[in-house]
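Residue-level listing of the chains:
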Amino acid sequence: MDRRTFVKGSAAVVGAATLPRTPAQAQAAPDKIRFGYAITQSGPLGPGADSTTVSNYKLWNKLVNDAGGIMLKKFGKKVPIEMVAYDDQGKPDELLKLTERLIQQDKVDMVLSPYATHMNLAQAPIINKYEYPVIMTTATTNKTYELGPRWPYAFWNIAQPREASQPLSKAIADLKKQGKIKGRVAAIYPSVEYGVENNEAFLEAAKKDGLEVVFNKSYAFGASDLQPLIREVMATNPDAFLAFSYPPDTFMLTEQAQILGFNPQFMYVAIGGVFPQYKDKFGNKVNGILVYGPSDPKAPGMDEYAKAHRDLFKQEYEPGGVNVYAALQLTQQAIETVGEIDRKKIRDVIANTTFKTLWGEIKYVKQLNANPWAVGQWQNGELTVIYPADKAGAKPLLFPKPAWS
Amino acid sequence: MLELLRRNWGISALTALGAGLLALVPLFGSNYVLSLFIVLYANVALATAWAFFSGATRYISLATAAFFGVGIYTLAILHVYVSIPLAVVGAAIVGFLVALVVGLSTLRLRGVYFVVFTFGLTELVHQVLNWWEIKINKTVSRYIFTDVSNVNIYETLLAVTLITIVGSWYVSQIRLGFALRAIGEDETVARHTGVNTTRVKILCFALSASVMALVGAVLALRYPYIDASIAFNNTWSFQVLIAALLGGAGRAWGPAMGAVPLVLLSEYLAGSFPHHFSIALGLCFVVIVYFLPGGITRLIERFLHSLKAARAGMGGHG
Amino acid sequence: MILFEVFLGGLLLGGMYGLIALGLNLQYGVARILNLSYGEFFMGGAFTAFFTIMLWKLNPLLSLFVSLPIAFVINWLIYQYLMIPLVRRAADQDALDADVVLVTFGLFFVFQGLALVNWSGDLRGYSFLSSPVHLVGATVAFNRLFAFLAACALAFALFLVLRYTRFGTALRAMTIDPVAASLVGIDVRKFSALAFAAGGALAAASGMLVSTFISFSSTIGVEYTLKALIVVILAGVGRVTGTLAAGLVLGVVESVGGYLVDPQLTIAINFGLFMLVLLLRPTGLFTRA
């Protein structure tokens, strides 16, 4: 089962429209299925794109072809895949141009998602114009709730600000109800869209849940010293501390909290908290820290995924990138269900099917992943998945966070 | 102006013909070709506008991204209230005004101090605008939903680019252009010969900035989403500087000679070496400096010169 | 009390700013080459330290025995074989600057690209001396304090070299007037090459020290080149010993200002101060007017 789920990625497609199996017709099968992507390789966003997204594109490419390719029922044979890759240098204009190039010059069969919210949003009008279904694996914004009807070919895979923040607020409210915590919350965020929107979504939820937000400030993204800010936070004596942070600040504020002996019972850091490098740097001090966008290392197929990743890249996978691999798996499942490259049909299958993937069950409601993994926690030196609590594989919250030792 | 045209009728006719042909590209080209040309025009217009001021005066500015970003933001704010063409023109005006203020305070700096100051200016505007958006609007992103077609953007940018090149050439032929170059050669001497250096510098700096803001505003019509880090992306400043240096910043058509090959080169490299793009581009820079000294303009001029010399030589023998 | 700690933190931060700028001022002030690939050697120093502690389980300070000589040699080669031909053929300083910007920008792309391909783009960080130190009631991180002390020591050593050695006298003479220096028999090219190489080695050293408390990746270089450039301009080009002082001013104003006004404005304050100083003293804080 494990091996099958992982390698073929086609097990148990629930509720898919079952099409009649047509025998191979006179029409010849394509000799390749071509996937194209333009993504940031050079520039400040290059590193993130590489470890989260590009590595999974390469890995999937290899594993699908090792297994013979993608099954096209219409022709009754497996067809190998090929990747066409471009570097958009982190510039929206380059991305727009290269996406047109992929679609019009290279005539790729499918387009894969670029990296970062603003790039995905920049690409969305084009892929909709040409009707290419794309699963966006690194885009979160409060606007997604309105964008569905505008861009029917865009799917949003990761936890959006509300989905990411509400469980945190609810968890603190529950602890307060149980009398384990006073419910004094301090939240900080960097001056980037992700930070601002997650903070706003959290404040909204906290208000509804009756939490007392004792401290709420933003800091400059790229700051070299967060100690003064942490001092201010400490002065308000919170028992829950949340940082809607970006990777460099996630690392820095974890270290500076230790140096200052800041020991909140409930602590959340956002992007970067799931990185294997985070655990490498802080060792078991990560235990109890809550993080954004995890994946479940115990999910079926994950052992093989981890091994394949290690074999290909000589390093550990990035848990935040598992959703990218899942998006590729479900794309493959959708293509195999349709049985040919008919993007309109593939889009409809993606929109209406519940998929089993490495990242758990994925089902889109109004093109938004209905129940993505939002919050994880380091427990006993391992990343676990916590929220949504009703999702298969979720572990109970470890509370309180052990003090730094 | 007429006199100038008559004196340069050959090149004028050629320019008009070229412009006419380029305006027809949307009839034949795919959307990809249009996108490629849009990026080309944007780079050419920015590099020409940059060299119009910085090439002549030798005040090397890294504030291209600042004015470009001002244009994007002006459009993002205005397009909700007024029609698109009005918002685009508004962006150029705001760019002009901002540059006036900046120019008044900074143009006494020279050399590397001016360079780094303009770089700092971009960052400062970026940071302060971001702060303002978060404090007042509780968000850092703005959405631009328009139905302006690629063809319209193409034609607009083509017009902007042509006007920039022709305007830059025209100015180089009149008194203002001589004053600018005099400042570049020696500012003190220029002042002593009766040039009002402050007024000339600020006026030209602001003109150049208004083109940058205009280009930003037109390009922004294609982005549904902007934030300060997109608008004030300082790679624009460096890219434009490099295109102008590569082409040769001394002539109106020089920057275009740098920007066009640079865009085509990165288009080729981005496709052929997607994972080694920056290594390849870097090596190209190094090779260009050692094997193409003085930029592409010098190469072309040398070629034209030898052509002329050859013709003169033949005439002598015949 | 918090304010004192914030001030102290700003001082340490300023030490870091001074540290990263020392080498650039040596390269730009003495050798007159604005090296835009400077930060790549900072990045190289950080990576060497990272591999030393995480892969080979050794003290990251030992990495300096590897990264310093390598950075020194590479920078010497860059000066000797890439810059000297440009210096020779340049008609004037403007023409030279244009060439140098293009070439060193190209080198920046090449080095960063090589790092990306070989070391991937992952964010790196490690824990070294990450324990609290209590100073007169305030708490600071040992690694930041250590980098600060190292910055002071390096600046002081540089000061001694410049003031009391023949080599230093030559460098100072070249900073003031390279033509006159060559007239009195100073081999300007040789000393420029050495100063340039030493500047690159200092970049690697600062990368090692800063990597103990700031996470980094293969694309971090350019950010530090620009940070260093700001400090150099603030101090005054060629004012090697003023570099540390300029860094300290920046650090303290950034920290205290951010604390008193708004932490989101730290970077804006940093640039604002820099621009204000330039407007008031157009050639830097520590130049003789």
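Just so it is clear, the model here is predicted, and its values are computed rather than measured.

Concerning the overall build of chain B
- When helices and strands are tallied, chain B shows 16 helices and two strands.
- The C-alpha radius of gyration computed for chain B amounts to 20 Å, which stays within 12% of the reference 20 Å derived for 318 residues, consistent with globular compactness.
- Dimensions of chain B along its principal axes, counting C-alpha atoms only, are 80 × 55 × 45 Å.
- A separation of at least 24 residues holds for 79% of the contacts in chain B among residues at least 6 apart in sequence.
- Here chain B has roughly 13700 Å² of accessible surface; of this, 70% comes from carbon and sulfur atoms.
- In chain B, 19 side chains carry a positive charge and 11 a negative one; their mean positions are 9 Å apart.

A word on the sheet that holds strand S5 (residues 110-111) of chain A
Residues and elements named next belong to chain A.
- One open sheet holds the three strands; their spatial order is S4-S1-S5, and the pairing between them is parallel. The open sheet has two edge strands with one neighbour each: strand S4 (81-87) and S5.
- Two strands pair when backbone bridges link them, and strand S1 (residues 33-39) and S4 are joined in this way by seven bridges, in the parallel orientation. Pairing of Ile33 across the sheet is with Ile81, part of S4.

Overview of the packing of aromatic side chains
All names here are of chain B.
- Here the structure, examined in full by the defined rule, presents 46 aromatic pairs over all chains.
- When the ring of Phe53 is compared with that of Tyr59, the centres are 6.0 Å apart and the planes differ by 40 degrees; the resulting orientation is tilted. Accessibility assignment for this pair places Phe53 and Tyr59 in one class, buried.
- With centroids separated by 5.1 Å and ring planes inclined at 85 degrees, the aromatic side chains of Tyr59 and Phe114 adopt a geometry described as edge-to-face.

Details of the interface of chain C and chain B
- Facing the 42 residues of chain C at the interface are 36 residues of chain B.
- Our count for the chain C to chain B interface comes out at one salt bridge.
- Counting the contacts that link chain C with chain B gives five residue pairs in polar contact (both at pLDDT 80 or more).
- Secondary structure elements with two or more residues in the side of chain C that touches chain B: helix H3 (64-89), helix H4 (93-119), helix H9 (221-235) and helix H11 (266-280) of chain C.
- For the side of chain C that touches chain B, the element with the highest residue contribution is H4 of chain C, accounting for 14 residues.

Focus on the nonpolar core
- In terms of nonpolar packing, the biggest core is built from 247 residues, with Leu253 of chain A together with Val215 of chain B touching the most fellow members.
- Ranked by the residues each element gives to this core, the list is headed by helix H11 (residues 197-220) of chain B, at 14 residues.
- If you count residues domain by domain, this core takes at least three from each of domain 1 (2-159 + 297-369) and domain 2 (161-292 + 374-387) of chain A.
- Not counting chain neighbours up to four residues away, the residues in contact with Leu253 of chain A comprise Ile188, Tyr219, Leu226, Ile230, Phe241, Ala243, Ser245, Met267 and Val269 of chain A.
- Ranked by size, the runner-up nonpolar core spans 82 residues in total, among them Val196, Phe244, Tyr325 and Tyr364 of chain A.

A few points about the interface of chain A and chain B
- The interface of chain A with chain B comprises 41 residues on the first partner and 35 residues on the second.
- Summed over both sides, the interface between chain A and chain B buries roughly 3200 Å², with carbon and sulfur atoms accounting for 59% of that surface.
- Here chain A and chain B share two salt bridges between them.
- Lys97 of chain A serves as the salt-bridge partner of Glu267 of chain B, at 2.6 Å between the closest nitrogen and oxygen.
- Contributing elements (two or more residues each) for the side of chain A that touches chain B: helix H2 (46-66), S4, helix H3 (92-105), helix H4 (117-129) and helix H7 (193-208) of chain A.
- The biggest single contributor to the side of chain A that touches chain B is H3 of chain A, with 10 residues.
- Residues of the side of chain A that touches chain B, tallied by class, amount to 17 nonpolar, 10 polar and 14 charged.

Some thoughts on the pattern of salt bridges
- Following the criterion strictly, the structure yields 30 salt bridges over all chains and no others.
- With a closest N to O distance of 2.7 Å, Lys281 of chain A and Glu255 of chain A form a salt bridge. Residue Lys281 of chain A is found in helix H10 (residues 276-282), and its partner Glu255 of chain A is found in helix H9 (residues 247-259); the two are separated by 26 residues along the sequence. Both residues of the pair, Lys281 of chain A and Glu255 of chain A, belong to the buried class.
- Residue Glu187 of chain B pairs with Arg191 of chain B through a salt bridge whose shortest N-O separation is 4.0 Å. With a gap of four residues between them, Glu187 of chain B and Arg191 of chain B both fall in helix H10 (residues 187-192), about one helical turn apart.
- Each member of the salt-bridge network shares a partner with another, and the members are Lys74, Glu340, Asp342 and Lys345 of chain A.

Notes on a nonpolar patch on the surface
- Where nonpolar side chains cluster on the molecular surface, the patch consists of Leu55, Trp56, Leu58, Leu62, Phe65, Val66 and Ile70 of chain C and spans about 750 Å² of accessible area.
- Counting through the fold element by element, Leu62 of chain C comes out in the loop between helix H2 (38-54) and H3.

With respect to the environment of Ser237 of chain B
All names here are of chain B.
- Tracing the chain through its elements places Ser237 in helix H13 (residues 235-247).
- Filtering out sequence-adjacent residues up to four positions away, Ser237 remains in contact with Leu62, Ala63, Thr64 and Ala65.
- A distance of 3.0 Å separates a polar side-chain atom of Ser237 from the backbone oxygen of Leu62.

A word on H13 of chain B
All names here are of chain B.
- The first and last C-alpha atoms of H13 sit 18 Å apart over 13 residues, in line with the 18 Å expected at 1.5 Å per residue.
- Most of H13 is tucked away: 12 of the 13 residues are buried.
- Of all the residues in H13, the buried ones are Trp236, Ser237, Phe238, Gln239, Val240, Leu241, Ile242, Ala243, Ala244, Leu245, Leu246 and Gly247.
- Positioned one or two residues after H13, Gly248 has a phi angle of 115 degrees, which is positive.

Remarks on the pairing of strand S8 (residues 184-190) of chain A
Residue and element names in this part refer to chain A.
- Judged by how many residues are buried, S8 sits mostly within the fold: six of seven residues are covered.
- Where S8 meets strand S9 (residues 212-219), seven bridges bridge the pair, whose relative direction is parallel. Pairing of Ile188 across the sheet is with Lys217, part of S9.
- In this fold, S8 hands off to H7, which returns the chain to S9; that crossover is right-handed.

Some details on the sheet that holds strand S12 (residues 290-292) of chain A
Residue and element names in this part refer to chain A.
- Taking strand neighbours across the sheet as the criterion, the seven strands line up as S9-S8-S10-S11-S12-S16-S17 in an open arrangement whose pairing is mixed. Only two strands of the sheet have a single neighbouring strand rather than two, namely S9 and strand S17 (382-387). For this sheet the average axis-to-axis angle between neighbouring strands, irrespective of direction, equals 20 degrees.
- Across three bridges, S12 lies against strand S16 (residues 375-379) in antiparallel orientation. From the neighbouring strand, Tyr292 faces S16, where its bridge partner is Val375.
- Sitting on the sheet, helix H6 (residues 161-177) touches S8, strand S10 (240-243), strand S11 (266-269), S12, S16 and S17, and the angle it makes with S11 is about 175 degrees.

Notes on unusual backbone geometry
Residues and elements named next belong to chain A.
- Cis geometry marks the peptide bond from Tyr387 to Pro388, where omega comes out at 0 degrees.
- Mapped onto the fold, Pro388 is located in the segment after S17.
- Following Phe399, the chain continues into Pro400 via a peptide bond in cis, with omega recorded as -10 degrees.
- With respect to the helices and strands, Pro400 occurs in the segment after S17.
- Backbone geometry places Gln89, a non-glycine residue, at a positive phi of 55 degrees.
- Topologically, Gln89 is positioned in the loop between S4 and H3.
- Although it is not a glycine, Lys366 adopts a positive phi angle of roughly 50 degrees.
- Under the relative-accessibility criterion, Lys366 is labelled exposed at 73%.

About the thresholds
Residues numbered from 1 in each chain as written. Chains lettered and ligands numbered in written order. Predicted model: local features only at pLDDT ≥ 70, side-chain atom pairs only at ≥ 80, totals over all residues. Heavy atoms only, no water. Helix = DSSP H or I, 4+ residues; strand = E, 2+ residues; numbered from the N terminus. Rg over C-alpha atoms; globule rule 2.2 N^0.38 Å. Contact = heavy atoms within 4.5 Å. Areas by Shrake-Rupley, 256 points an atom, 1.4 Å probe, with all protein chains shown as cover. Lys, Arg positive; Asp, Glu negative; His and termini not counted. Charge placed at Lys NZ, Arg CZ, Asp CG, Glu CD. Pairing = 2+ DSSP bridges. Phe/Tyr/Trp six-rings, centres within 6.5 Å; stacked < 30°, edge-to-face > 60°. Buried < 20%, exposed > 50% of the residue type's maximum accessible area, 1.4 Å probe, protein only. Salt bridge = Lys/Arg side-chain N within 4 Å of Asp/Glu carboxyl O. Polar contact = N/O pair within 3.5 Å; in protein donor to acceptor, adjacent residues only side chain to side chain. Core = buried A, V, L, I, M, F, W, Y, C linked by side-chain atoms within 4.5 Å. Domains from an automatic or database assignment. Buried area = accessible area lost by both parts, 1.4 Å probe. Nonpolar A, V, L, I, M, F, W, Y, C, P; charged D, E, K, R; others polar. Patch = residues over 30% accessible without salt bridge, like charges linked within 9 Å, V, L, I, M, F, W, Y side chains within 5 Å. Expected span 1.5 Å × (residues − 1). Right-handed = clockwise from strand over helix to strand, strands pointing away. Axes fitted to C-alpha atoms, helices over the stretch in contact; angles between N-to-C directions.

Remember, this is a structural readout, not a statement about activity or role.
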